Structures are given as C-alpha cells and as structure tokens.
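Chain residues, written in single-letter form:
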There are 4 protein chains.
Amino acid sequence: MSGNTFGKLFTVTTFGESHGPALGAIVDGCPPGLELSEADLQQDLDRRRPGSSRHTTQRQEPDQVRILSGVFEGRTTGATIGLLIENTDQRSKDYSKIKDQFRPAHADYTYHHKYGLRDYRGGGRSSARETAMRVAAGAIAKKYLAALGVQIRGYMSQLGPLAIEFKQWQSVEENAFFCPDPDRVPELEAYMDQLRRDQDSVGAEITVIAEGVPVGLGEPVFDRLDADLAHGLMSINAVKGVEIGAGFASVSQRGTEHRDEMTPDGFLSNHAGGVLGGISSGQPVVARLALKPTSSITTPGRSIDIHGQPVEVVTKGRHDPCVGIRATPIAEAMMALTLMDHWLRHRAQNADVRVDTPRLR
Amino acid sequence: MSGNTFGKLFTVTTFGESHGPALGAIVDGCPPGLELSEADLQQDLDRRRPGSSRHTTQRQEPDQVRILSGVFEGRTTGATIGLLIENTDQRSKDYSKIKDQFRPAHADYTYHHKYGLRDYRGGGRSSARETAMRVAAGAIAKKYLAALGVQIRGYMSQLGPLAIEFKQWQSVEENAFFCPDPDRVPELEAYMDQLRRDQDSVGAEITVIAEGVPVGLGEPVFDRLDADLAHGLMSINAVKGVEIGAGFASVSQRGTEHRDEMTPDGFLSNHAGGVLGGISSGQPVVARLALKPTSSITTPGRSIDIHGQPVEVVTKGRHDPCVGIRATPIAEAMMALTLMDHWLRHRAQNADVRVDTPRLR
Amino acid sequence: MSGNTFGKLFTVTTFGESHGPALGAIVDGCPPGLELSEADLQQDLDRRRPGSSRHTTQRQEPDQVRILSGVFEGRTTGATIGLLIENTDQRSKDYSKIKDQFRPAHADYTYHHKYGLRDYRGGGRSSARETAMRVAAGAIAKKYLAALGVQIRGYMSQLGPLAIEFKQWQSVEENAFFCPDPDRVPELEAYMDQLRRDQDSVGAEITVIAEGVPVGLGEPVFDRLDADLAHGLMSINAVKGVEIGAGFASVSQRGTEHRDEMTPDGFLSNHAGGVLGGISSGQPVVARLALKPTSSITTPGRSIDIHGQPVEVVTKGRHDPCVGIRATPIAEAMMALTLMDHWLRHRAQNADVRVDTPRLR
Amino acid sequence: MSGNTFGKLFTVTTFGESHGPALGAIVDGCPPGLELSEADLQQDLDRRRPGSSRHTTQRQEPDQVRILSGVFEGRTTGATIGLLIENTDQRSKDYSKIKDQFRPAHADYTYHHKYGLRDYRGGGRSSARETAMRVAAGAIAKKYLAALGVQIRGYMSQLGPLAIEFKQWQSVEENAFFCPDPDRVPELEAYMDQLRRDQDSVGAEITVIAEGVPVGLGEPVFDRLDADLAHGLMSINAVKGVEIGAGFASVSQRGTEHRDEMTPDGFLSNHAGGVLGGISSGQPVVARLALKPTSSITTPGRSIDIHGQPVEVVTKGRHDPCVGIRATPIAEAMMALTLMDHWLRHRAQNADVRVDTPRLR
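Computed from a predicted structure; not experimentally measured.

S.K.: What exactly am I supposed to notice about the environment of Pro50 of chain B here?
M.R.: All names here are of chain B. Locating Pro50 in the fold gives a position in the loop between helix H1 (38–48) and strand S4 (65–67). For Pro50 and Glu61, which are eleven residues apart along the polypeptide, the C-alpha to C-alpha distance reads 6.6 Å. Residue contacts for Pro50: discarding those within four places in its chain leaves Thr56, Thr57, Arg59, Glu61, Asp63 and Arg326.

S.K.: Sorry if this is basic, but what is going on with the sheet that holds strand S2 (residues 11–16) of chain D here?
M.R.: Note: strands within a sheet are paired through backbone hydrogen bonds, in either parallel or antiparallel orientation. Residue and element names in this part refer to chain D. In spatial order, the strands read S1-S2-S3-S7-S4; together these five strands make up an open sheet with antiparallel pairing. Because the sheet does not close on itself, it has two edges, and the strands there are strand S1 (5–6) and strand S4 (65–67). Bridging between S2 and strand S3 (residues 22–28) involves six bridges; their strand directions are antiparallel. Paired with Phe15 across the bridge in S3 is Gly24. Along the sheet, helix H1 (residues 38–48) makes contact with S4 and strand S7 (81–86), crossing S4 at roughly 155°. Across the sheet, helix H3 (residues 131–147) touches S2, S3, S4 and S7, and the angle it forms with S7 is around 140°.

S.K.: Honestly, the relation of the copies chain A and chain B in this entry has me stumped. Any pointers?
M.R.: Both copies of the chain are placed relative to one another by a rotation about an axis and a shift along it. Superposing chain A onto chain B takes a rotation of 180° plus a shift of 0.0 Å along the axis, which leaves an RMSD of 0.0 Å. The transformation relating the two chain copies, once decomposed into turn and shift, fits a two-fold axis. Closest approach to the rotation axis among the C-alpha atoms of chain A is made by His231 of chain A, whose C-alpha sits 2.4 Å away. Comparing interface residues between copies, 100% of those in chain A also sit at the interface in chain B, which points to an isologous, same-surface contact.

S.K.: How should I be thinking about the relation of the copies chain B and chain C in this particular structure?
M.R.: If you rotate chain B by 180° and push it 0.0 Å along the axis, it lands on chain C with an RMSD of 0.0 Å. The residues that chain B uses at the interface reappear at the interface of chain C in 100% of cases, marking a shared surface.

S.K.: Looking at this structure, how should I read the packing of aromatic side chains?
M.R.: Two aromatic rings, taken as a pair, are described by how far apart their centres are and by the angle between their planes. All names here are of chain B. Counted by the stated rule, this structure contains 34 aromatic pairs over all chains. Geometrically, the ring pair formed by Tyr111 and Tyr115 is edge-to-face, given 5.5 Å between the ring centres and 65° between the ring planes. Placement of the pair is Tyr111 and Tyr115 together in helix H2 (residues 108–115), with a separation of four residues, close to one helical turn. The pair formed by Tyr111 and Tyr115 is uniform in burial state, with each residue classed as buried.

Definitions and limits used
Residues numbered from 1 in each chain as written. Chains lettered and ligands numbered in written order. Predicted model: local features only at pLDDT ≥ 70, side-chain atom pairs only at ≥ 80, totals over all residues. Heavy atoms only, no water. Helix = DSSP H or I, 4+ residues; strand = E, 2+ residues; numbered from the N terminus. Contact = heavy atoms within 4.5 Å. Pairing = 2+ DSSP bridges. Axes fitted to C-alpha atoms, helices over the stretch in contact; angles between N-to-C directions. Least-squares fit on C-alpha atoms with pLDDT ≥ 70 in both. Phe/Tyr/Trp six-rings, centres within 6.5 Å; stacked < 30°, edge-to-face > 60°. Buried < 20%, exposed > 50% of the residue type's maximum accessible area, 1.4 Å probe, protein only.

In short, the description is geometric, and any link to function would need to be established separately.
Right under this line is the structure:
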C-alpha cells in the first residue's frame, strides 16, 4: 500500500484534496447488521466542521456526507461502505505566486521533491481537510463499539502555554475549544483573540480516552495496541508527539510508583494508560497528543522557491490559528478506528478462548 | 497478520520466547547484492547483549546469530534471510508460584485473558528478550542505508530524574549507559547503584537520530514517516511515549518560533525533526522515546492470582533495573527498519521522478 | 482486509452494489506524472458496457466515470485517485418474491448465511456490475504500462462448444464477441440467438496476453506472477478455471516437449506462458480463463427459500446469456493490475540490480 | 511484502534454499489452545519426503521438523510458531558448469535477470524443496480445521496421459503415487519405469477436496475463497493451471446443466466445486491443479549461458521425473492454509451473525 489505508481488518482508505471536487473513503470489514445512517456520521463531522466559531478557519463547508454503498434497509451488509463529501467552498484565487514557493513548515518542499509536482491549491492532499473522512469513518467504528460498551471521548488539555485540568465531560461539547472546564473558556478566548492580533499561531495538546474497552485488544509484538494507536494519532496532521498513560512522565518514575497494583476490587492506579504488554487491560485507554502551531500565518517568513532562490512568504487565505482546536474529533476517530480494528483482529484469533479468571477494572 | 511482522516491503517477522530453545526472524524484501555476514549483525547484538555490566540483567547470553538463508557467497540474493539465536542461559527454576500470579505492570494479566494460557517462564513472548531479533534485523537495514549515506545513532538523554545533554558521539560507545557526556557517567553509576540498594527500578529517555536521510521518504496520509516511526518505537517493550522533533514542546510554541525557515543555505532550525507532511525533509530525523521503569522488582507489590484472590508479589530472577539502559540499539534498529521500509516504498512509486530544484540540508 | 482491495503496492479498493446509487474505487500507489484523463478510462469502460448489442443485458448504463482526486493539471500527483460511476438504470421493481428465495448457482445462499442479510436488488455486491470499477482502474495500469512497451489484449477463444482459433487482433474490436476471427462471427451470432430462444445460457473461455513484459516481474515464493494472476483472474465473477501457458495440456506433456529451449535468438517456444519460477521471462504472458454459464435464466429451476422450503425459481430481469461476452476487458484489467503491482514491487526491491547478460524474447 | 508470506490472518512466512543449512517458517495467527506436537507435522512431511520410492528423487532427507516457539506444555499459546528443518543431504559437487548456464524451463534465467546473482546450488530458493515448509505449516491448519469437522484430502487424478478415476481414499495412502485406484498402480509404475529409461519427465494432475467446510468462508470481491485458493495452488512449483468444480468443462456447459439446484435435502450436484459468489457453500470444495513435467532431465537441451552464447544443457543430479507424484500433500497444505486463513477472516467480521435458515450439504 502507498499509505492511504488505515487498519488491517477494519480498513479505511481515503482520497481527496483540499480544493478538489470531493473527499471520499471506503470502509472495508464493517460487521454486517449494524444500524447505520448518514446522521450517525454527521454528528462528529459537525463537531470537526470548519467555520463554526471565530477561532477556526472561516472556510464554510457543510461537510454533508453521503453513504453510497454497504448499507441496505438501514443496516450494514458487510460490503464496503463508500462515503462521499463534496467540497463546496474551495475558492478560486490566483495561485501564481504560491505555486513556485515552499511555505516554511508545510509539506510543499517535501511533496515537490517526492512527487515532482504538487497540487498547490490549499495544500492539496496534505491539507487537514483530509481528516474529515477519518471522522466520518471513525463514527462507524464509534457506533459499533458503543454497542459493546466502549465510549471514546477527548478534550483539549492544553492550549499553547495554558494547561487545562479535566473537570467535566459536559463542558467539552459546550464550547469551541473542547475545553473540559467551563471556567477556563473566557481565558482561552482571550488568548486566541490576542493570537490573531499577533498574526501568529500556537500548539495544543489533546487527551483522548476510551472507557469500557475489554481486556485483550492488541497483538504482540509489533502491532501492540499502543503502537497502532501511536501510528494512528501521529498520522494526524501537525501531531508531533504521542503518550500513553504516564507517557514521558514515566521516565522519572520509579517502578514502585509506576506499577499499577491490583486488588480483587480493581487496579489501584492507571499509569499504564490501559495497556499492558501491548494489550488492553480493561482500564481506560488514555492517550495524549501534541499538535504543533499551524504554519499558515501572515507574519512573513524566509523561504526559497523551486529555483532555490530566497523568497519572503506570507500565507494568506483562511486558516486555523490553532489546528488543535478542531483536533479532538479527529483524535477520537483514530482511537475508534484503532480499537475497532483490534476488536476484529482479536476475535479472529481468540474467539475460542474461555477464561474463568475474574476481570478487573 | 497477528502482529509479529514489521514493515510492508522490507519486513521482519519474529518468533521466540524468553525461555524457549531459540529466537528467530525472517527478513523479506532485502535488495540483492548487499554484502552481508553474521559479523555485521553481531556488532549491534553485542551492544544490546545482557550481562555486560553490573547495571543490567546478569543473564549470560552470547546472542550468537546465524544466517540460515538468503546470503550466497557473501551477498544477499533477494531471498528471505532466516536468522536464528539459540537461548543458552534460560535457567530452570521453580515456576509453581509465578504461574498462577499476575505480576503488577507485566503482561501476565492481559496475556492470560487474551490467550487463555501463557508461557510464564520469564515472561514468554512478552519478554524484552524478543528485541534481540529486532536488533539483528535492524543491522541489515542499517548496513544497506549506510551505503546510501544514512547514519543512525542513539543515546540516553535522561536516566530517571537525570537529564543528559548531548556532548559527543564518541562517548556513547564508551560506557554502559550510551551516555553522550563522559563527565556524567559517574553520576549515572552512583544513581544505579543506589537504585539497586533501594530494590527499585527507574525509567529513561532515549534519543535516536538519523542523519543523511534523503528528502522524500514517507507515504501520506496514514503511513507518514513519523507515524510509522511512532508505531515502531512504541512497539518496543516499556515505551510509553514518542516524540518527533520539538514533540510536546511544540504545544506551547508559536508558529513564528516553530516553523523552520529555509534559505538557499539550508533550514535555519529543525523543530520538525526532519519530517514535513509525513515526508522526510533531508534534515536529521530526530525521535525521542520514553521508557517506563521495569516492573520486575523485589519490593513486594499487591496483586491477584488467577482465581481473583489477593497476593503479594515479589519478582525474583535476573532483571534490568532500568530497561532503558539497553534500549538504544533497539531504538536504532526500529528507526533503521522504518527508514529502510520507506526507502523501498518510496522508490516503488516514485522511481520515475526527476526534480531540478536544489535540495537543502 | 476484508477482500475489497486488489494489489499490494498499486492497490484498487472498490465499493458499490448493482442497484445502489453509485460504484466507486480508490486507486493507491499510482506513480506521479502520468498523463491521465477520464477519456483514458472511458474507452475500456465502453468496451465492457452493457446494452451495446442484443447478445448482452439490455440494462442501459452510460458508465460515465469521474476522476475525483489524484490528478492535477492533467497528470497524476501520486495521491489516491478517486473514481465514481453513478448508476442510472437500476429499475425499481417488486422484489418481494426474490428476497426470500435463493436463486440456484447465485451468491444468494452464501451471502445470506455469511452476512445474515443481503441486498437482494440485482445481486447487490455480488453482481458483475462491480467489475466496471476493475476496468476503470485497470485502464490506469494499462496506460502506465503502455508507456513501458507493455501491451495487454484479450479475446474470446471459446463460446460454449465453439472453439475459436486466433486469427487477428483487428477483428477483436469489430464485433460484439471480442472474436479474433471475423469469419466465425455469424456462427457465434446464430448460436447466441438460438440460446436465447432456448431460454438458456452458456460458458466461454477468454485468452488474455501481455506482450512486451520485461524479464523480472513476480515475487517468489508465494506471490509469483502466475499465482497473483490466478488470484486476479479467478476473482472475476463466474470464472472457474485459470491456465498459464500450456496449462492443463502440460499434464500430458513430456519434459522434452514442454521445456522452452533458448538460443541466442530467443526462446523456441512458450509453453511456460511467459513465466519461469514465478517471474516473467520476457516472453508474452499468456493466460486463459473459463467462465461458467450465467445462472440467471428463465428456465425454471428447483431451489429453497430462507425457511428451507422448496420453491421453483425463474430469474427474470435483464441478464447476460453469456457473461463471457463482456469479460475480455475485465480479464485485461486484472492482467494489467497484476503486472502494474508487480512492476512496482519489482523495482522496490531490485532497482539497484545491473545485469550485463543479454535479454531474450 | 516481497512474496514469502501466505495468508492475511493465519500467515506463513518461509525461508531456505535447496542446498543451504536449513529451511524454516514462522506461522502467525494460530489460535491459542490447540494441542500441537512435532509428530502432528511430521506425518505430512513424511508423505512429501523425497527418496521414499524409486519414482522420486533419491536425495535422502529425513525432514525432521522442530517447533522452536509458540507451543507451551503441548498447546499453542497464540504466539508465533517457529519451525525449522535442517538440510542433511545437500551434496557438495562441482557447480562450475551450471553456474554460468541457464537450464531451459528453470528459474535460472529469470532469477539471474531479476536479482543479478543467484544461488545456483540445486536451484536455491526456486527449488521445490521450499515446499516442505508449506507442508509443515499446512499440518497446523489441518489439525485446527479437523477439530471443526473439515477434512482435506488429495489424490493424483492423472499421470501424463493416464487419467485416473477416483475409487477409494484408502488406496491413496498405500502407493507411491497417491493413486485412488489400487488396480491402476502397476500401470503407473510401468509408465514411470519407461519414462526414466527414456530420460524424460512428465506432467500430472492432482485433485484436492475439502469436506465439511461450513458455509460462509471467502471474502468478496477480490479475496474470494476460490481466488485465494487459485493463488495458493498456482504458487506451488510447476503448477500451470487451477480449476474449481467443473472448471474448464463449464465453458461448454449450459446454465440449465451447470447450476446446482437445491432442495431441502441438499444440493443436487456440485459443478460449483463448493464455492458460490466466492464464498463456501457447505458442499465439498473441489480443486484440480495441473503440474508441468519437471525440466531437470538428462536429455540434452539447447540453451544459452550468461554471456548469451549457445550451450547444450544436461541436468544431472537427483531429480523427480514427475514432480506431481509428491505434490498431493503440498496441494492439501495450500488448501488447508487457505481455508484456515478464511476461517479467521470470516469470524473477524461475521462473528455476530445469527441465521435461522437451515444449512444444506
């Protein structure tokens, strides 16, 4: 494969460019019999949708998804599910300048050298617009997993220098930042307003948690659950780091502190982040991802053109000053796709297994 | 696949348990014509080998690798390369106690529930002994890449609470810690000696760098170079976090700071860690990984047995008090395997591409 | 994967049902820089298109394909190519009878038991309508290969009891049967007219040949070129047998007869069908496939319904009395996809190889 | 992958050359809990073993297999199973002549051009000796499937010009030919004796049948059961054709004849060979494969050397005059591996499916 497919048994293959006619995906391996409608997908698409607050890009895309196959009389048939979203607000503009320049910290330079040519309109395939199809496909996985008692939710745990402590899930859906503490929202808004005035951008950290995951998901030794999760999360545009459980904090922990002791009533802590030996333990699976500041800013930067000559680059157009703000549904989608794939992989090999030992939480 | 293969074109499939008769691997996809001998593999195996200092496990394993196929008259033929290491120091002992207990923070509990039975001798398949075959296979990739000018090296950048600044590569090979600063070695030794007296263990951070990587490696959108690297590094036993370039520090960076500006003389910084849009940029590829403290410690811990009853666990046997100490060659191996796979994937699709634009460093 | 993807490096993933809104495909791994337009795909789609003679189904489908991504300014970019064909002539009709019956020799019975439910409208996913996307994707591979000097062509070599000797390529495109002998066409037409009067159907044999294939394509030991070709061709609806070169005739051949001797001027025969040791030899790659008679006939047949009760089935609707008639472009497409995939796989591993020995034809 | 792995969930990856130190395989995805010992594998290895009659190669290989991992206390653990067979009778001889010549109809010419160098000792990787590991791995699949009621058996259905009608299974194991009719054995022996006197070789046809296969195995549309079976069978050395059910005979059948009608008591025929729409129907899965005459004969043949000069080739050494004679266990192994893989794939996606409709045989 050349990289546009995620998963081994529950697979998502995507296509589409920022300014092309449409985005699409094919989901293969979905179990038959799942009740599914476009509304199930639309909900998460709307959470990721651009243009819904002043803190994200002003490009207006309804992101209306169509299911073109694989669903019959309201239920999945086991056949591939074709998904399509038409682009509607890809503005025509003059690209004569940008087409020969490499914007710093964008994929322009690497795409140019890898492929010899590139669709420079809005970043083409490298645009985060591609993630819309991840969210659509992830919503299918989410729905299947929900029936098994698995709930996947994320929130923003840091915006630039502002760390955000988790307070409540309800708040997350009630503000533009997926902020779990309603009292911090005004501060975030003020920060973002100042950032726009500064013509700058900033990074963010997202935390995503899956609760209700049964013990047993993950395939040693290379396709551990945490390894595949790291793959999925790191494949999101702008992500520069992934942690599971205690993550980098475990570097300075001692074994007596880090190890999650067990009693008949359950685990006493969750530094492991719900994964032991690459396999889910039944505890919540906890991952954090670091997103870099977007590079599309109007403060001029030094760069070169395709002839190797120095140029000064200013990125105009409609961009997110903090791509992390819309990243929560994408992180949830990648968590859902990873767990779904491993659910199917697990039962392929281990459907015969019967264990009497009680399971912990 | 059930998870014991890494890579898509240059693949490594491994087998073997800690206390079984042997470990083995099959490497598929190696280009023909590469000069290769067992000595090429032995060098890195010796760097990872247990028992070479008082700070690692005292299990004595020569880790002598045999090449059983795929090499003819000193050169690879393009056929699969079979590798074998026999275990020699898997001590017989009484496992009657451990077989019914779940050691905290080990894979015991999850393997038991996933598979219904487990090879409890020394952790079986979940033992870090498995990583010997990664190092052997990685050495093949390293040798191929070296001929292309790619050099892959790692070092310990933190031991427990002790952060270590990079000073020089020469030092790395001259101490048991892969420490890049010779002046810090006595401090590390003292720390480890105290740790053993405390009957405890500790985490570590490893930094691994690939220099000389050409622009163009990595496949958008899911199999980005950084995503596959995260997969590979997170699949190493005990790893809980992976960063590329600025990593989690990029969360609080601004776009004007993070973006690596370009001039005709090259990039002005490398916050991206050598990857833009999932594709190598020609700058050094920089990754960091967090390893948790090993859970095999003699300080008693609370746990349960397979009947759900509470037990107190003390892990005897020969163990590494800091698994991070021997992790540097493993991290290098996973970096090498990832780059090698992407080298082949890149030329599969893009061998026709010709670009006149000058390349930067 | 759950089976809707073909290829490992040049991959085609398809979706769509006979009576759904659309058929689609995603092609991944296409090298960048290939000139490509919808017209390139339409040509082969028109050759496969239903309703173009009285000997095939009367369903009218223009099969107009749209390229939704992966092509920019007339050339492929290396990104996934999204393809879409909307269904236009899926007639509404009363399915109340067919939905509870299993038509003999159709996929009804097996889909029902495998998935628990099925899209019974026109066969759903099991309809040969699915092959339209193979032809569209195959046309991309054909175009790429053509630039390398590889020409892929097929013809009907048997219609029911009527064996057809190859005479000339020109004739193949000038009749509804892909018959390579213009003098036999009236006989075929008379045979088909009688068959329709008999309310019956019949099988066919297609021969497909790739000329100009370089020596070296195919990966031992499981992914031999002939093995992957057998996979591809046998995956076409209604195919029951595949031969390479002498095929089943080689059973009664002696070694002195079968072996294709070589002289400096070339091979003296081609019983191998262009594949030696699973690798293309530079001779034409020759494959034959056997297609069964379609089971959709109006002569009543015995079957059961979903309650296990006996029923008499008559398949009405619009069907091909000989699915082999339209199979030639599909066979060419699968040959093209297989060769294309192996072209990329070959150069991934062997791009470094330099050989002085002259190559034969 | 570069072609040395078979299967997607139950995978077999092999290594080893004819005259190297050993052959090996790694089996991944085996469900845990299966009772397994080396004796289970040895039985089929002995059936394939060379040197057991005067009609096969006189190379003496005990083919003693060792299980190096994945089995603990007599049962599979779910971890990879490492298999190893050491070569013992790879005679040293003077290869100075053969190393520069291309034997007609061998892989010499294609390996040379593909890889630039080749292990010319006994054919290296292209030797049918490689199939020993298929048989070893296939025995694991066979054992798992047997517990589910699936029985896989094959027989020789044609030797050169001598077609053999099936009489009884008992006979198959009682002669060197896997001949199902004891009365025909003397005729086969006489034919082979004459063939050796003629210094020639001949082809053969093998029929392999799986009984007890449940309805539902196979993944539309590309990974149909019959397509994957064709892949597996065509990947066996010397195979030039594969048929399912009526195979090429279906070309001249009419729909009224070919379609297998159903009654509440079962199917009335099995022209489909147990596969409908790419999915097993519950009827016996029937496949036939055509094997070409071996090219290693002592009758001189024309060829060229690596300088393009004409040479006369005589293949000395120890060879099978009819490779088909030992092919039955190999065909059974590939059938077993294919069914096993699809068993796991089926339950990955469809484990939830519940169907009330009665199942037929």
